[in-house]
Amino acid sequence: MCIRDRGQVIKGMRRENLVISSKVFWGGDGPNDQGLSRKHIIEGCHNSLKRLGLDYLDLFFCHRPDFNTPVEETVRAMDDLIHQGKILYWGTSEWPADRIMAAYSACLLYTSDAADERSSVDLGGRRIIKKKNSPGYLRMRDSMLELTNTCQRSRDRCPAPR
């Protein structure tokens, strides 16, 4: 079923009852038609919304890592889409653990939530925001430290491609 057809199918349904996701990476043959650059992410989101006839997506996936675009650029573009009300959450698919860790670090440094003395991370499509030093934040920090150690052990055995 074509994405435009899906837009027609959901037209008669209550939006509150639906969880709509889309993904960005591929898109065409042009120089700006693939990857996770800010330009491609913003245009990909707008194109998905237009095709579906929607105002926002519940979840927007970065489908595949893009080693040619700084992860900070990707994180900031997703954060901007959240603040514009175009997406509620973002996540990744097919990213290696070390790239997820880099995105997590970028969220802490560059998103407005982090600047506001809160920490923010999107993993597996779930946006987690906790005030620093709260029990939830400390559990999240400990989980991320565990993931960091796992990534390091994994990298030692099999270095990630660059």
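Source: prediction; values computed, not measured.

For the rest of this paragraph, the subject is the layout of surface pockets. Here the largest pocket defines a volume of roughly 220 Å³. Contributing to the lining of the largest pocket are 16 residues, with Trp26, Gly27, His40, Gly44 and Arg51 lying nearest its centre. Residue assignment for the lining of the largest pocket shows that the elements contributing at least two residues are strand E1 (21–24) and helix H2 (38–52). Ranked by residues supplied to the lining of the largest pocket, first place goes to H2 with 6 residues. When its residues are assigned to classes, the lining of the largest pocket shows 4 nonpolar, 8 polar and 4 charged.

The next subject is the environment of Thr92. Secondary-structure assignment places Thr92 in strand E3 (residues 87–93). The exposure class of Thr92 is buried, given its relative accessible area of 15%. Separated by 29 residues in sequence, Thr92 and His63 have C-alpha atoms that sit 6.0 Å apart. For Thr92, the contacting residues outside a window of four places in its chain are Phe61, Cys62 and Ile100.

Our next topic: the packing of aromatic side chains. Under the defined criterion, the tally for this structure stands at 1 aromatic pair. Ring centres of Phe25 and Trp26 lie 4.7 Å apart, and the angle between their planes is 80 degrees; this geometry places the pair in the edge-to-face category. Its relative accessible area of 11% is what places Phe25 among the buried residues. The exposure class of Trp26 is exposed, given its relative accessible area of 52%. The ring of Tyr56 has Arg15 sitting right over it, with the charged end atom 4.1 Å from the ring centre.

About the cut-offs
- Residues numbered from 1 in each chain as written.
- Predicted model: local features only at pLDDT ≥ 70, side-chain atom pairs only at ≥ 80, totals over all residues.
- Heavy atoms only, no water.
- 1 Å grid on protein atoms, 1.4 Å probe; cavity = no way out; pocket = protein on both sides within 12 Å on 5 of 7 lines; lining within 4 Å.
- Points joined across faces, edges and corners; volume = space filled by probe spheres on them.
- Helix = DSSP H or I, 4+ residues; strand = E, 2+ residues; numbered from the N terminus.
- Nonpolar A, V, L, I, M, F, W, Y, C, P; charged D, E, K, R; others polar.
- Buried < 20%, exposed > 50% of the residue type's maximum accessible area, 1.4 Å probe, protein only.
- Contact = heavy atoms within 4.5 Å.
- Phe/Tyr/Trp six-rings, centres within 6.5 Å; stacked < 30°, edge-to-face > 60°.
- Lys NZ or Arg CZ within 6 Å of the ring centre and 35° of its normal.

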